Amino acid sequence: MPNATSAGTIDVGGDLTVNRFGYGAMRITGPGIWGPPADKDQAIAVLRGVVDAGINFIDTADSYGPNVSEELIAEALHPYPEDLVIATKGGLLRPEPFVGWPADGRPEHLREVCEGSLRRLRIEQIPLYQFHRPDPKVPFEDSIGELVKLKDEGKIRHIGLSNVNEEQIRAAQRLTPIVSIQNRYNVDDRASETIVDLCEQESMVFLPWAPIQDLDKNPTIHEIAERHSASARQVVLAWLLGRSPAMLPIPGTGDLEHLEDNLAALDLKLSQAEIASLTRA
């Protein structure tokens, strides 16, 4: 299996150096991102396979399960390797499977779920805590302000944002340093194109969620895949790595075979012309 060390490294917050190929831990939960996985042993094996493959950045959230993803990470990997960075998120609810994700950005809720994440992950400080999504019912500055308090208390090391626009990023930066942005981004969803560039300019990490979507709709992906004898998944992951040095892909899976297929993207070297063709697609 390819090793994530071949992706090179990236600094999160200037003091956490990780390999530039991470893992998103949403899919180790049950169907509908709800409850325990159908095969817990496989979920544990995937998490251990992630670390064995040199991946030392894992992204999760209290709402995945809810709570299940964080609990499995601790069960599988605690005590953690010294270089492992676990990023989690708060601010979304998961009231039942196969439905939407209501936002809850109330300060008291963010404090409750952050402290819950600390307990479930069995850590004293969360390396990267991300506000999962702005809540239209709560002033944005109130939500961020509570995260600043938690950081001042030593419960959070760095603060990141998810599902935000530039105006919201600037509002948060007026209150505290922001080290990462996690927005939806893939070949066919480029709404955050300028945010990627902003992250590169300001030394923030960009974490693309849903990086592998609608592959059948884009013929350029399949032309490149055929040229390299690679899978479409590998092409889009290789493109993300080539798109910007600020990019830290976090593809998720609950299956060891898919994990290996994702990692094989690290052996795929796209030309600048190929990267450009997908960037324009």
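Before reading on, note that the structure itself is shown above.
Thresholds applied
- Residues numbered from 1 in each chain as written.
- Predicted model: local features only at pLDDT ≥ 70, side-chain atom pairs only at ≥ 80, totals over all residues.
- Heavy atoms only, no water.
- Buried < 20%, exposed > 50% of the residue type's maximum accessible area, 1.4 Å probe, protein only.
- Helix = DSSP H or I, 4+ residues; strand = E, 2+ residues; numbered from the N terminus.
- Pairing = 2+ DSSP bridges.
- Core = buried A, V, L, I, M, F, W, Y, C linked by side-chain atoms within 4.5 Å.
- Contact = heavy atoms within 4.5 Å.
- Expected span 1.5 Å × (residues − 1).
- Salt bridge = Lys/Arg side-chain N within 4 Å of Asp/Glu carboxyl O.

Covered by surrounding structure in strand β1 (residues 9-12) are I10 and V12 only, the residues T9 and D11 on the alternate face being uncovered. Across four bridges, β1 lies against strand β2 (residues 16-19) in antiparallel orientation. Bridge pairing in β2 places I10 opposite V18.

Glancing now at the nonpolar core. Core analysis: the largest hydrophobic core is formed by 77 residues, its most contacted members being F21, Y23, I73, L161 and I181. Broken down by element, this core gets its largest block of residues, eight residues, from helix α8 (residues 232-243). Not counting chain neighbours up to four residues away, the residues in contact with Y23 comprise I28, V46, L47, V50, I55, F57, I58, D59, I250, P251, G252 and T253. If you look at the next biggest cluster of nonpolar residues, it comprises 13 residues, including I10, V18, L207 and I250.

The next thing to look at is the environment of K217. When you line up the elements, K217 lands in the loop between β9 (205-209) and α7 (219-228). A residue is classified by how much of its surface remains accessible, and K217, at 66% relative accessible area, is exposed. For the pair formed by K217 and D188, sequence separation is 29 residues and the distance between their alpha carbons is 8.6 Å.

Moving on, we get to helix α4 (residues 140-152). Every α-helix carries 3.6 residues per turn, so stepping three or four residues along brings you back to the same face. The end-to-end C-alpha separation of α4 is 19 Å, in line with the 18 Å expected for 13 residues at 1.5 Å each. Every buried residue of α4 is listed here: F140, S143, I144, E146, L147, V148 and L150. The elements touched by buried residues of α4 are α3 (107-121), β6 (126-131), β7 (156-162) and α5 (166-173). Phi for G154, located one or two positions after α4, is positive at around 85°.

This part takes up the sheet that holds β6. Read from one edge to the other, the open sheet built from seven strands follows the order β3-β4-β5-β6-β7-β8-β9, with strand pairing classed as parallel. Only two strands of the sheet have a single partner each, and these edge strands are β3 (23-24) and β9. Bridging between strand β5 (residues 85-90) and β6 involves four bridges; their strand directions are parallel. In the strand pairing of β6, A87 is matched with L128.

So, about α8. Under the 1.5 Å per step criterion, the end-to-end length of α8 is 16 Å for twelve residues, consistent within 8% with the ideal 16 Å. Judged by how many residues are buried, α8 sits mostly within the fold: ten of twelve residues are covered. Among the residues making up α8, those that are buried are A232, Q234, V235, V236, L237, A238, W239, L240, L241 and R243. Of the surrounding secondary structure, the elements contacted by the buried residues of α8 are α6 (193-201), β9, α7, α9 (256-263) and α10 (272-280).

Within this structure, the stated rule accounts for 21 salt bridges. With a shortest N-O distance of 2.7 Å, E70 and R120 are connected by a salt bridge. Here R120 lies in helix α3 and E70 lies in helix α2 (residues 68-77), a separation of 50 residues in the sequence. Under the relative-accessibility criterion, R120 is labelled buried at 16%. Residue E202 pairs with R170 through a salt bridge whose shortest N-O separation is 2.7 Å. You can see E202 sitting in the loop between α6 and β9 and its partner R170 sitting in helix α5, a full 32 residues away along the chain.

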